[in-house]
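Below, each chain spelled out in residue letters.
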Amino acid sequence: MPIIALLIFTFSTAVIGLFIPIRYGNRFAFISSLLVFIYSLYLFITFPISPDFQYVVDCPWIQALGIHFKVGIDGISILLVMLTTFLTPLIIFSVRKSEPRPRAFYSLLLFMEMALIGVFVSMDGFLFYIFWEIALIPIYFICLLWGGKDRVRITLKFFIYTLTGSLFMLVGLIYLYLHTPGQHSFDIQSLYAAGKSLGAGEQSILFWFFFLAFGIKMPIFPLHTWQPDTYTDAPAQGTMMLSGIMLKMGIYGLIRWMIPMLPLGLAQNSEYVMWLAVAGVIYAGIIAFTQKDMKRLLAYSSIAHVGLIAAGIFAFNLQGLQGGIIQMLSHGINVVGLFFIVDIIQSRTGTRDIASLGGIRLKAPYLATVFAIIMLGAVALPLTDGFPGEFLLISGVFKYENIAGAVAGLTIIIGAVYMLRMYQRTILGETSILTDNFTDLTAAEKGVLIPIVIMVILIGICPGLFLKVSEPAIMKLLSGI
Amino acid sequence: MNTLIILSILGVITLFAEIFRFRKGLFPLILIGLATAFAFTAMEYNHPQVYFGMMNFDNYAVVFSCSILIIAFLWFIMAKNYFLQETSVTDHFALIIFSLVGAVVMVSFTNLTMLFLGIEILSVSVYVLAASDKANILSNESGFKYFLMGSFATGFLLFGITLIYGVTGSFDLSTIQQHLSTSNQPGLALAGVLLLLVGLSFKSSLAPFHFWAPDVYEGAPTTVTTYMATVVKTAAFAAFFRLFSTCFAGIAGHWTDVLWWMVVLTLFIGNVSAVRQKSLKRMLAYSSIAHAGYIAIAIVSMSAASASAIFFYTFTYSISSISAFTILFIVSRHKGSEDILAFQGIGKANPLLSFAMTVAVLSLAGIPPTAGFFAKYYIFFNAINNGNTLLVLLAVIAALIGIYYYFRVIIAMYTKPEQQLVPIPTTLLHRIVLVITTILTILFGLFPNLVLQFI
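Every value quoted in this text rests on a predicted model; they were computed, and no experiment measured them.

1. Here we look at the overall build of chain A
Tallying secondary structure elements over chain A gives 20 helices and 2 strands in all. Taken over the C-alpha atoms alone, chain A extends approximately 70 × 55 × 45 Å along its principal axes. For chain A, with 481 residues in total, the buried portion stands at 60%. Across chain A, contacts joining residues at least 24 apart in sequence account for 81% of those joining residues at least 6 apart.

As structure tokens, this is what we get:
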């Protein structure tokens, strides 16, 4: 029942939010998303360390076709639900008061939270697909209505790109469904059984169908071409949603659906996808290095991070998977913080151009400190949240193949170079004309950034707090294949 | 059978309304009449009965008749104002009701002569309606074109029926079926099947027999276009499937390959041509061709689930289309243009209109949680189940092209704010139609069982 309550509550707040007087729109959205966070925190604290799904609700939906409304939470999904409910209030809180059409904006954000939670708790292939697609609608409108000047072309490209992957996944799901034993069913266990019953050749083809969907969402090189444009042109909150939470849908899809369903498919193709992921890490890192726009730089750095996560997951060992999980959390938290800082800088100076900034530290020491901490998290300094994840991921990839591990390990160096360079050029040095009148963080901005800083340090110091929750589920996943 | 009787009486009464001058009461009378017909049809559910060896009101016929009546009911609410402003309202309403008689015959025939009669009753009424905007040259062209092309198709149909009769010696579906499944098939019978395929493809606008559709849809008054895209299409596909699933299922190997290629052509011609359209009406016409392609996938992959797949698709497509056409009607009337550009800025000025349009367009594009998604899903599922995976992959690509032009409407509504935001006035009846269709689109998307359980 708790899951149903979460879904219904977020959905109804999204609807009610449309009709709240504009003055209260912000407060309403923030408080309701905060309530969702508090409730999911309660679920997290009381969550038993067990490999099984908890709070399972299973009711028939389209009986004749074996489609059930089946949801449940295990150690992997609770962390992602937590990530969603933790970041959404912060993202809502970060919306500027001057935003046009605020009610629709908040409602879309809340609606998106509902869809994202739905993706992470679905235990039925059809339900998963529905939530997966529903999540696309609010983000499309967020980018279309509040995006930058080239938004129409870019958001349509984004939508068609991701829908292409989704539809291929749908075909794959139907194919698997038709091979489920006995009465056909979309239940996750039946789909696992169906996938495993197929031969290596068929699994391999289906593997690429699913890879297309998840690889586009994450995105993995060379399916990433929609991402930098979309991140750059989307409004700050849209970018935060996309990079902070939405791309985790793709990674989660790999762990929860694709690999357990198609183990032979992975075995056949792991060499290719591993090298695609690693190639993406290096490629995106190098491109990030040459970027002049802060948002674009972060977009490419996000591709590099996600590439490493994907590599760890395709290695499919305990370190790789656990590293992937913890890195999903820390990447989500870091990237939201960084994009928000870029938004703050842009709102004060009117530019994101790295070259024309500088000297912000002199004017805004608070911002400089917060930026430094989050940035160090992103470059995986020990005792920040990036470290345990990258360490586990690289050791996972290393275990799979030495050379791939060594190449993927370069990301730490490349990442440090471009992030520190951006920090140095924008925050340190002499002030420019644009940053002369820079004001420090307001109380509201601190309200967003301080929780993020706390999490950066918390995950860095005791990652075990989160790793121990997902470990039983991961062990079960590994033993099942 | 009761449906036919009630509808025929209703049609005659409607004609008399002109003479006895009770035009004001006509509209409620028609709605009551349709509701009565619906009730009597629904009572025949699960009580299949054959009438005179000509018609069989099995569940297939009952369910399709009911959906046609529901769509017609919504259509009348939508079209009332338009026709009341014209002088010959009774003629138009009577024609529509008579064409409904034809539609009901088309979904319930068990004899080729009834198929022919049904198609003719339906078509002749719609030929006249297409040309009903007498002052508009495009409407005249539309009616004339539809008539010429339609008669041409009827010729094919009749020729096919003749050949089949020549081989089997009967018009009765079950006799033909037995005959075709037992003996060795002469080329004559196969030629007959192909001619029938051509004739019915004309009526349901499958490529390469779709050329009439864009011009006819664009020229006809928007309300009549709506009727053609919804009721006529539903009836055409119901008849198509009824004929080919009973009579010619035994020799499916001879015509599915042909239809397979026709479906691929239809999907790509419909979707690709729609991309290039500036006029929303013409775009919807091409999209309706594309939708015919999706529906025909269920005929290619003939199975037990095909009937419900076609039913769900035509029903939900009709509902979304009524919504989209109603908004097109309102907007084009107000702005005097059917261009997509005419929709600029209504996202701000008319939230209800733009929300309903968004839902309708998402449904037509097949995005969850709307009914259009489940309709496509069910068609795809049925096709993969019957080994037509390649066709589904092609349809998926076609659907992606579809996103591009459907979203142009959404983009136009929400992105380009107009200088002065004057809300477009809407009538209460139109608002009712939009609310009903929008709710149904989402409801059937979330709970397709509500519809599927009946067939």
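2. Notes on the overall build of chain B
Each helix and strand in chain B was counted, giving 19 helices and 2 strands. For 455 residues, the compact-globule estimate of 2.2 N^0.38 gives 23 Å, and chain B sits close to it at 21 Å. Taking the principal axes of its C-alpha atoms as reference, chain B extends roughly 70 × 55 × 40 Å. For chain B, the residues scored as buried account for 59% of the 455 residues in total. For chain B, restricting intrachain contacts to residue pairs at least 6 apart in sequence, the fraction spanning at least 24 positions comes to 79%.

3. Description of the nonpolar core
Within the largest apolar cluster, 367 residues are counted, with the highest numbers of intra-cluster contacts made by Ala135, Val171 and Ala311 of chain A together with Met106 and Ala235 of chain B. The leading source of residues in this core is helix 13 (residues 306-335) of chain B, at 17 residues. When residues of this core are assigned to domains, at least three map to each of domain 1 (1-250) and domain 2 (253-455) of chain B. Setting aside anything within four residues of it in sequence, one finds Ala311 of chain A in contact with Met274, Ala277, Val278, Val281, Val397, Ala404 and Ala408 of chain A.

4. Focus: the domain arrangement of chain B
Residues and elements named next belong to chain B. What the domain assignment lists for chain B is domain 1 (1-250) and domain 2 (253-455). Every element with two or more residues in the side of domain 1 that touches domain 2 is listed here: helix 3 (59-85), helix 8 (187-203), helix 9 (212-219) and helix 10 (222-246). The element best represented in the side of domain 1 that touches domain 2 is helix 10, accounting for 13 residues. By residue class, the composition of the side of domain 1 that touches domain 2 is 25 nonpolar, 14 polar and 3 charged.

5. Focus on the interface of chain B and chain A
Of the residues lining the interface, 21 residues belong to chain B; the matching set on chain A comes to 21 residues. Counting residues per element, the side of chain B that touches chain A draws most heavily on helix 17 (residues 389-415) of chain B, which supplies 11 residues. Per-class residue counts for the side of chain B that touches chain A are 18 nonpolar, 3 polar and no charged.

6. A few points about the pairing of strand 1 (residues 54-62) of chain A
Residue and element names in this part refer to chain A. Examined bridge by bridge, strand 1 and strand 2 (residues 67-73) share 6 bridges and lie antiparallel to one another. Looking at the pairing, Gln54 lines up with Ile73 of strand 2. Hairpin connection between strand 1 and strand 2: a loop of 4 residues separates the two successive antiparallel strands, and Gly66 in this loop has a positive phi of roughly 65°.

7. Examining helix 6 (residues 137-168) of chain B
Since the α-helix packs 3.6 residues into each turn, any two residues three or four apart lie on the same face. Taking 1.5 Å of rise per residue, 32 residues should cover 46 Å, and helix 6 of chain B covers 46 Å from first to last C-alpha, within 8% of that figure. Two residues or fewer past helix 6 of chain B, Gly169 of chain B is found with a positive phi of approximately 75°.

The rules behind these values
- Residues numbered from 1 in each chain as written.
- Chains lettered and ligands numbered in written order.
- Predicted model: local features only at pLDDT ≥ 70, side-chain atom pairs only at ≥ 80, totals over all residues.
- Helix = DSSP H or I, 4+ residues; strand = E, 2+ residues; numbered from the N terminus.
- Buried ≥ 20, exposed ≤ 12 C-beta atoms within 10 Å, placed from the backbone.
- Contact = placed C-beta atoms within 7 Å.
- Rg over C-alpha atoms; globule rule 2.2 N^0.38 Å.
- Core = buried A, V, L, I, M, F, W, Y, C linked by C-beta atoms within 7 Å.
- Domains from an automatic or database assignment.
- Nonpolar A, V, L, I, M, F, W, Y, C, P; charged D, E, K, R; others polar.
- Pairing = 2+ DSSP bridges.
- Expected span 1.5 Å × (residues − 1).

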